[in-house]
Each structure stands twice: as C-alpha cells, then as structure tokens.
Amino acid sequence: MALRATVLRHIRLPVQTLTAIGSRPQPQWSFLRLFSSHDDHLTKEEVIDRVLDVVKSFPKVDRSRVTPDVHFQKYLGLDSLDNVEIVMALEEEFKLEIPDKEADKIDSCNLAIEYIYNHPMAG
C-alpha cells in the first residue's frame with residue numbers, strides 16, 4: 001500500500017501544449033518523476049496543530065492539559081490501549097502507516113510530532 005502511494009504521488013501525467021502557430025494541442029510523452037518530497041511536505045506547525053487536535057479529540061483527554069510536550073501516560077493518565085488508539089487516530093489523520101515497532105515508541109505528543117514531520121508520506 002505504501003509503495004503504491006509513493007509511486008502514484010510521484011508520477012506526472014503527460015500534458016498537452018499549444019503550438020505557437022496553431023491551436024492544436026501536441027501531446028508530450030515525457031514523464032517526469034520528481035523524488036523530492038519538500039514541495040508538498042507539511043510544515044512543522046501544521047503537524048503540531050493536527051497532532052494536538054487529534055489528541056484533544058480523544059474522549060479521555062482533558063483538552064486543557066494537551067501541549068506539544070505532554071506525555072500520554074504520565075500527564076494525561078492514559079493507558080497503553082489508549083496510546084494505541086491515539087497512534088491509530090494519527091495514522092488515519094495523516095494517511096500513513098506506522099510500523100508496530102515505531103508505534104510502540106510514540107508515547108508523547110512530541111514523539112508523534114517528530115515522527116510524522118520526518119515521515120515522507122505524511123499528508
């Protein structure tokens with residue numbers, strides 16, 4: 001699934017251009033593949049805002065305690081199952097898949113923000 005999304009994100013379709021003399025479009029069959037993700041990558045501020053919104057929308061969370069540095073279990077009183085649910089909500093929000101090994105490490109807003117900001121497929 002991730003490979004398919006990567007390929008589709010970087011394929012450019014051929015465009016038709018108008019010639020200088022006539023108005024008939026001339027197809028150009030040169031496909032461009034751009035491998036830079038910086039042209040449409042999320043800014044850190046966008047990631048912070050969206051991560052905080054996801055955490056604040058979780059039913060067991062006191063919205064006033066959510067900050068970019070808050071730890072899910074220590075400061076918000078969430079258990080490990082709640083932690084998994086938040087990570088799943090983040091995957092859905094940013095349309096990406098976080099491997100289990102990485103998901104287990106995300107136990108605070110700060111770690112979630114850093115992981116998502118550095119992920120090339122976050123959208």
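Residues numbered from 1 in each chain as written. Predicted model: local features only at pLDDT ≥ 70, side-chain atom pairs only at ≥ 80, totals over all residues. Heavy atoms only, no water.

Digging into the packing of helix α2 (residues 44–56) against helix α3 (residues 80–94)
Part 1 of the argument: Contact geometry for α2 and α3: axes closest at 10 Å, N-to-C directions at 135°. As far as their axial angle goes, α3 and α2 are oblique. Here α2 and α3 pass one another in a crossing that is right-handed. Listed contacts from α3 to V47, R50, V51, V54 and V55 of α2 are I86, A89, L90, E93 and F94.
Part 2 of the argument: For the contact of α2 with α3, the per-class residue count stands at eight nonpolar, no polar and two charged. (Axes fitted to C-alpha atoms, helices over the stretch in contact; angles between N-to-C directions. Helix = DSSP H or I, 4+ residues; strand = E, 2+ residues; numbered from the N terminus. Parallel < 35°, antiparallel > 145°, perpendicular 65-115°, else oblique. Left-handed = near helix turned anticlockwise from the far one by under 90°. Contact = heavy atoms within 4.5 Å. Nonpolar A, V, L, I, M, F, W, Y, C, P; charged D, E, K, R; others polar.)

Let's talk about α2
Part 1 of the argument: Across its 13 residues, α2 extends 18 Å between first and last C-alpha, which sits within 8% of the 18 Å expected from 1.5 Å per residue.
Part 2 of the argument: All of the buried residues along α2 are V47, V51, L52, V54 and V55. The buried residues of α2 occupy an angular sector of 160° when the element is viewed end-on, so they sit on one face. (Expected span 1.5 Å × (residues − 1). Buried < 20%, exposed > 50% of the residue type's maximum accessible area, 1.4 Å probe, protein only. Arc of directions from axis to C-beta.)

Observations regarding the nonpolar core
Part 1 of the argument: Judged by nonpolar contacts, the single largest core of 27 residues is most densely connected at V51, V55, F72, L76, L90, F94 and I116.
Part 2 of the argument: Among the elements of the structure, α2, α3 and α5 (109–118) are those that each provide at least two residues to this core.
Part 3 of the argument: Sequence-distant contacts of I116, that is, excluding residues within four places in its chain, are made with V47, V51, L90, F94 and A122. (Core = buried A, V, L, I, M, F, W, Y, C linked by side-chain atoms within 4.5 Å.)

Looking at α5
Part 1 of the argument: Within α5 the residues assigned to the buried category are C109, A112, I113, Y115 and I116.
Part 2 of the argument: Those residues of α5 that are buried are in contact with α2, α3 and α4 (100–105).

A closer look at a negative patch on the surface
Part 1 of the argument: A contiguous patch of negative charge on the surface is contributed by E45, E46, D49 and D53.
Part 2 of the argument: Mapped onto the elements of the fold, E46 is located in helix α2. (Patch = residues over 30% accessible without salt bridge, like charges linked within 9 Å, V, L, I, M, F, W, Y side chains within 5 Å. Areas by Shrake-Rupley, 256 points an atom, 1.4 Å probe, with all protein chains shown as cover. Salt bridge = Lys/Arg side-chain N within 4 Å of Asp/Glu carboxyl O. Lys, Arg positive; Asp, Glu negative; His and termini not counted. Charge placed at Lys NZ, Arg CZ, Asp CG, Glu CD.)

Re the environment of L96
Part 1 of the argument: Mapped onto the secondary structure, L96 falls in the loop between α3 and α4.
Part 2 of the argument: You can call L96 buried: its relative accessible area is 8%.
Part 3 of the argument: Along the backbone, L96 and H119 are 23 residues apart, and their C-alpha atoms lie at a distance of 8.6 Å.

Notes on the side chain of N83
Part 1 of the argument: Topologically, N83 is positioned in helix α3.
Part 2 of the argument: A residue is classified by how much of its surface remains accessible, and N83, at 8% relative accessible area, is buried.
Part 3 of the argument: With residues near it in sequence (within four places) discarded, N83 still touches F72, Q73, I106 and D107.

Concerning the pattern of salt bridges
If the charged atoms of two oppositely charged side chains come close together, the side chains can form a pair.
Part 1 of the argument: Inspection of the entire model under this criterion finds four salt bridges.
Part 2 of the argument: As a salt-bridge pair, K44 and E114 come within 2.3 Å of each other at their nearest N and O atoms. Of the two residues, K44 sits in helix α2 while E114 sits in helix α5, which places them 70 residues apart along the sequence.
Part 3 of the argument: With its nearest N and O atoms 3.1 Å apart, the salt bridge here joins K60 to D82.

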